[in-house]
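Notes for the structure review
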Amino acid sequence: MVWIVFPGYSQVFPSTGTAWVLPGGWDEPEATSYFDTADAVKQWEGRHADLVLGSMHDATVNESLIAIGYIYSQKLNCRPGPQTAWLSREAASRGLDLEDGYLHFAEDTVLAVEQFSSGLDYLLEAQPYHLLLVRNDQYSTARLPLTLQPGDALIAMASYPFDSVQITALQPPQASRAVADDAGAVGDWQPVALRWQSQVGEAKQLIQTGTMVQAGAWHSVRAVYQGRQLNSGKRGLQNGLKTWMIRLQWPMATRVHGLRFEPWLAQEPGSLAIPGWDGKNDRNGDGYIDDAEFADRANGNASARFRHQARLIPAGHQWPGTCWYRTNFADPVWNQLRAGWYQADWLRQGLSGGYNDDMAKLLGENQFRVTQGGRIAELSERAGTASAATTYAAQQADFLQLVKQRTDTHWLAANISRLNVWQDSVWPAELRSVVDLWLREHYLHPSMGLTRMQQGWEQFALGKAGDKSLIMASVKGGRSDLSPTSARAWQLDIETGLAQYYFFNLPGLTYYHSWNQTHLYGSGNTTARNWYRGGVPKNWAYQPTGMLNVDIGHPIAPPGGYKLVQWVNGKDSAKSTATQLGNIPLLPANWFWLYRSGWYGAVPNEGVMARRYSDGLVVYRAVKAHDVQGFLLAQPLRVSLPGDYQRVYYDGSLSEPIRYIELGGYEGAVMKRVTSSE
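Bear in mind the structure is a predicted one, so any value in this text is a computation, not a measurement. (Residues numbered from 1 in each chain as written. Predicted model: local features only at pLDDT ≥ 70, side-chain atom pairs only at ≥ 80, totals over all residues. Heavy atoms only, no water.)

1. Points about the overall build of the protein
This is how it is decided: Secondary structure counts use DSSP, requiring at least four H or I residues in a row for a helix and at least two E residues in a row for a strand, with both numbered from the N terminus. Burial classes follow relative accessibility: with a 1.4 Å probe on protein chains only, a residue under 20% of its type's maximum area counts as buried, one over 50% as exposed, and anything between as partly exposed. Throughout, a contact is declared for two residues whenever any of their heavy atoms are within 4.5 Å.
Within the protein, the regular secondary structure consists of 15 helices and 40 strands. Reported as C-alpha extents along the three principal axes, the dimensions of the protein are approximately 95 × 55 × 45 Å. Expressed as a percentage of the 678 residues in the protein, the buried residues total 58%. Counting only contacts in the protein whose residues sit at least 6 apart along the sequence, the fraction spanning at least 24 positions is 72%.

Below is the structure:
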């Protein structure tokens with residue numbers, strides 16, 4: 001058979017494309033003289049990859065590469081950032097309700113939460129978005145505790161409407177709230193009636209709790225008053241975020257120790273209660289369920305006073321330090337608005353597209369473990385179910401297709417790690433078809449074993465569909481875990497990772513990235529925890545630039561006389577030369593065995609697999625199972641090679657010509673063909 005080489009493009013290295021993942025935070029190296037400055041490291045990165053998932057934080061540099069910015073279309077941060085600020089501003093200018101951009105629980109809901117992210121503190125503690133001190137008509141950030149003098153004012157800003165405020169002070173203040181002018185800025189301050197109650201807190205400090213007599217029909221405002229920005233460097237406010245503001249003043253000098261709003265989320269050990277919203281309870285339609293309406297609710301199973309209090313939060317399934325709301329893809333007007341954000345933001349940053357992180361984290365049980373309630377107003381589905389996840393995924397696919405149309409991009413990427421998009425029950429074909437490039441985060445690692453390698457047929461299905469992939473090799477579970485101070489241990493792990501990658505390489509369709517054992521990306525310096533020495537740039541250390549410079553050509557058919565590796569896929573099986581697995585079209589991988597033992601099934605107990613290139617060969621020795629740490633200490637195994645080759649080392653140097661190779665446990669190698677050998 002003839003191996004098809006995909007139409008190419010200019011790339012840095014001869015045998016594969018390469019990429020960086022979330023570069024940034026460049027440091028001046030501490031332990032090497034190769035670079036003099038952090039900028040020199042950044043320039044080096046710009047010259048040594050074809051693709052960037054993230055940004056080089058320089059529009060000109062981004063435009064010289066294919067830079068695909070980080071996006072997360074299924075969430076907005078609980079504490080608003082630049083995107084929410086932009087949406088807030090644009091929604092206000094178009095008369096849209098910001099709340100339509102979120103999903104909401106239609107009934108009181110309790111989620112099981114094993115571990116709470118500290119990012120939830122913003123909501124659990126009802127923290128202000130920002131505090132300002134006004135003194136002598138000058139505005140500055142207020143940091144409590146603080147003594148306010150007569151004539152001073154404390155302005156508390158929230159990113160949501162509220163109906164009460166708690167102040168740790170001896171006396172309650174006079175209060176007024178901001179009302180908007182025709183431009184949506186602060187037009188004036190309107191006195192607001194509060195019912196104050198005093199209580200002694202845990203620290204034996206007096207807490208004043210003020211509840212608004214009427215919190216309805218309260219509109220947000222931009223942080224601009226009399227033409228002046230009311231902020232001290234807060235990006236969200238600078239970008240036009242509209243907030244709800246209350247101004248507090250005392251007639252005498254008063255020490256204020258703390259300020260927060262009334263929390264609406266109920267946290268218990270192992271659970272989080274989120275109130276549901278039902279518009280039928282808001283009889284006068286002012287956006288607030290007052291005491292009279294609350295006492296006579298049409299739906300007693302929905303106890304939210306404001307609609308925003310019912311937003312979906314995947315509590316317990318967020319990155320440490322984060323807090324997210326799930327976005328609404330069912331509103332076509334809001335979809336157009338959010339697509340406009342990506343269009344404007346990518347143009348500003350010089351980006352070619354975007355990559356959506358955590359594409360498998362939608363509305364299923366892996367995000368919401370519902371123990372009570374869970375019905376979603378915008379979907380008529382229950383969170384935590386496969387049905388909700390499937391429906392939401394199809395809506396997300398439509399939204400991402402809209403983004404592609406608005407931005408005219410062919411570089412929409414998704415992070416799916418090891419997820420098989422043909423086998424995942426909630427992954428619809430629409431979502432698969434809208435993605436152009438797949439990030440296989442930590443897809444490869446030294447001790448992944450033969451079974452996982454032989455389950456990798458879906459990479460060749462993606463290739464057959466014309467999709468691109470960025471395949472990441474990490475060192476997790478390798479020799480560097482056993483010998484973290486050994487330079488050779490780290491280098492062997494990286495050599496193995498590149499060999500594994502070359503098994504999946506489809507020229508013109510795949511990109512390679514080498515990383516450490518963590519998910520903490522960036523361009524800073526190594527430490528003793530993630531390299532055998534600290535103080536050198538991470539991407540420079542992890543990318544085996546010397547090896548990549550060695551041209552091994554492109555994948556070709558296996559030599560005659562060798563047994564072929566088989567794909568593992570439940571009841572379906574096929575040889576690695578197959579162009580079909582069940583009803584799924586494949587590109588041929590052409591993997592074959594140099595050695596195998598205990599091979600009564602498709603996967604041997606131990607084996608050495610190989611893939612041939614026009615000018616090289618890659619091999620990998622493993623046992624069936626993954627992460628068998630003791631196998632890393634196995635005695636070297638000598639296997640014959642199908643010709644004369646030179647082993648390629650981490651620095652790009654070559655061994656003497658060899659006809660056999662000795663491999664340790666979970667070890668891979670890249671080899672250059674000796675030209676005279678046939």
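So much for the structure itself; the text now carries on.
2. Description of the sheet that holds strand 20 (residues 266-268)
Sheets are built from strands that pair by backbone hydrogen bonding, the pairs being arranged parallel or antiparallel. Rule in force here: Whether two strands pair comes down to DSSP finding at least two bridges between them. Fitted lines through C-alpha atoms serve as axes, helices being fitted only where they are in contact, and the angles separating the N-to-C directions of these axes extend from 0 to 180 degrees.
An order of 20-21-5-24 is seen for the four strands of this open sheet, with the pairing classed as antiparallel. Sheet topology places strand 20 and strand 24 (370-372) at the edges, where each strand pairs with a single neighbour. For this sheet, the mean inter-axis angle between neighbouring strands, taken without regard to orientation, is 25°. In this sheet, strand 24 lies alongside strand 5 (residues 109-112) in antiparallel orientation, the contact comprising two bridges. Residue pairing across strands places Leu111 opposite Val370, the latter belonging to strand 24.

3. Quick word on the nonpolar core
Threshold: Throughout, nonpolar core names a set of buried Ala, Val, Leu, Ile, Met, Phe, Trp, Tyr and Cys residues whose side chains join them through atoms within 4.5 Å.
Judged by nonpolar contacts, the single largest core of 116 residues is most densely connected at Leu123, Leu230, Met245, Ile246, Ile313 and Leu363. No other element matches helix 8 (residues 386-407), which puts eight residues into this core. If near-sequence neighbours (up to four positions away) are discounted, Leu363 is found in contact with Leu103, Leu312, Arg326, Phe368, Ile376, Leu379, Ala383, Gly384, Thr385, Ala388, Ala389 and Tyr392. Residues Val21, Phe460, Leu498 and Ala541 belong to the second largest nonpolar core, which totals 70 residues.

4. Side note on helix 1 (residues 38-47)
Definition in use: The directions considered for the arc run from the helix axis to the C-beta atoms.
Every buried residue of helix 1 is listed here: Val41, Lys42, Trp44 and Glu45. Along the long axis of helix 1, the arc covered by the buried residues comes to 160°, so they all point the same way. Those residues of helix 1 hidden inside the fold are in contact with strand 1 (17-21), helix 14 (538-542) and helix 15 (545-548).

5. What to know about the layout of surface pockets
Rules: Put simply, the grid is 1 Å and covers the protein atoms alone, a cavity is a trapped set of points that fit a 1.4 Å probe, a pocket is an open set with protein on both sides within 12 Å along at least five of seven lines, and lining residues have an atom within 4 Å of a point. Grid points are joined across faces, edges and corners, and a volume is the space filled by probe spheres set on the points. Any residue outside Ala, Val, Leu, Ile, Met, Phe, Trp, Tyr, Cys, Pro, Asp, Glu, Lys and Arg is labelled polar, Gly included; the first ten of those are nonpolar and the last four are charged.
Taken as a whole, the largest pocket holds about 1,000 Å³ of empty space. When contributions to the lining of the largest pocket are tallied by element, the ones reaching two or more residues are strand 3 (66-71), strand 4 (75-77), helix 3 (82-93) and helix 7 (332-349). No other element matches helix 7, which puts seven residues into the lining of the largest pocket. Tallied by class, residues from the lining of the largest pocket come to 16 nonpolar, twelve polar and seven charged. What the second largest pocket holds in volume is close to 670 Å³. Broken down by secondary-structure element, the contributors of at least two residues to the lining of the second largest pocket are helix 3 and strand 17 (242-249). Broken down by element, the lining of the second largest pocket gets its largest block of residues, three residues, from helix 3.

6. Comments concerning the state of the cysteines
Threshold: What counts as a disulfide here is a pair of cysteine sulfur atoms lying within 2.5 Å.
Summed over all chains, the structure comprises one disulfide. Each sulfur of the disulfide joining Cys78 and Cys323 lies 2.1 Å from the other. The disulfide joining Cys78 to Cys323 has a torsion of about -65° about its S-S bond and is therefore left-handed. On the criterion of sequence distance, the pair formed by Cys78 in the loop between strand 4 and helix 3 and Cys323 in the loop between helix 6 (291-295) and strand 22 (324-326) is long-range, its members being 245 residues apart. For the pair Cys78 and Cys323, a shared accessibility class is recorded, and that class is buried.

7. Here's the deal with the environment of Thr579
Here Thr579 shows up in the loop between strand 32 (572-575) and strand 33 (580-581). Each C-alpha atom, one on Thr579 and one on Lys464, is 8.8 Å from the other, the two residues being 115 residues apart in sequence. Ignoring anything within four residues of it in the chain, the contact list for Thr579 reads Ile584, Pro585, Leu586 and Pro588.

8. Quick notes on the packing of aromatic side chains
Condition: Working definition: a ring pair exists when centres of Phe, Tyr or Trp rings (six-membered ring for Trp) sit within 6.5 Å. Plane angles under 30 degrees give stacked, over 60 give edge-to-face, the rest tilted. Two conditions define a charge sitting above a ring: the NZ of Lys or the CZ of Arg must be within 6 Å of the ring centre, and it must be within 35 degrees of the ring normal.
Per the counting criterion, the structure on display carries 40 aromatic pairs. An angle of 40° between the planes, with centres 5.6 Å apart, marks the rings of Phe460 and Trp567 as tilted. Residue Phe460 is found in helix 11 (residues 457-464), and its partner Trp567 is found in strand 31 (residues 566-569); the two are separated by 107 residues along the sequence. A relative accessible area of 0% places Phe460 in the buried class. By relative accessible area, Trp567 is classed as buried at 1%. An aromatic cluster is built from Trp490, Trp515, Tyr521, Trp531, Tyr532, Tyr542 and Tyr650, whose rings are joined through pairwise contacts. The lysine or arginine in question, Lys42, covers the ring of Trp26, its NZ or CZ lying 4.8 Å from the ring centre.

9. So, the sheet that holds strand 13 (residues 194-200)
If you walk across this open sheet you meet the four strands as 13-14-10-19, and the pairing is antiparallel. Each edge of the sheet is formed by a strand with only one pairing partner; in this case those strands are strand 13 and strand 19 (258-261). Ignoring which end each strand starts from, the neighbouring axes of this sheet average 20° apart. Here strand 13 pairs with strand 14 (residues 206-212) via seven bridges, running antiparallel. If you follow Gln197 over to strand 14, its bridge partner there is Thr209.

10. A look at the packing of helix 7 against helix 8
The following threshold applies: When describing relative orientation, an angle under 35 degrees is termed roughly parallel and one over 145 degrees roughly antiparallel, while 65 to 115 degrees is termed roughly perpendicular and anything else oblique. Handedness of a helix crossing follows the sense of rotation of the near helix relative to the far helix, less than a right angle counterclockwise being left-handed and clockwise being right-handed.
At a minimum axis separation of 9 Å, helix 7 and helix 8 run at an interaxial angle of 45°. With respect to their mutual orientation, helix 7 and helix 8 come out oblique. Regarding helix 7 and helix 8, the two cross each other, and that crossing is right-handed. Residues Asn335, Gln336, Arg338, Ala339, Gly340, Tyr342, Gln343 and Trp346 of helix 7 pack against Phe399, Leu402, Val403, Arg406 and Thr407 of helix 8. Taken together, the residues that form the contact of helix 7 with helix 8 break down as six nonpolar, five polar and two charged.

11. Section: empty space enclosed by the protein
All chains considered together, the criterion is met by one cavity of 30 Å³ or more. Roughly 70 Å³ of volume is contained in the largest cavity. In this structure, the largest cavity is lined by Asn77, Cys78, Pro80, Thr84, Leu98, Tyr102, Ser159, Tyr160, Leu241, Lys242, Arg311 and Tyr325. Per-class residue counts for the lining of the largest cavity are seven nonpolar, three polar and two charged.

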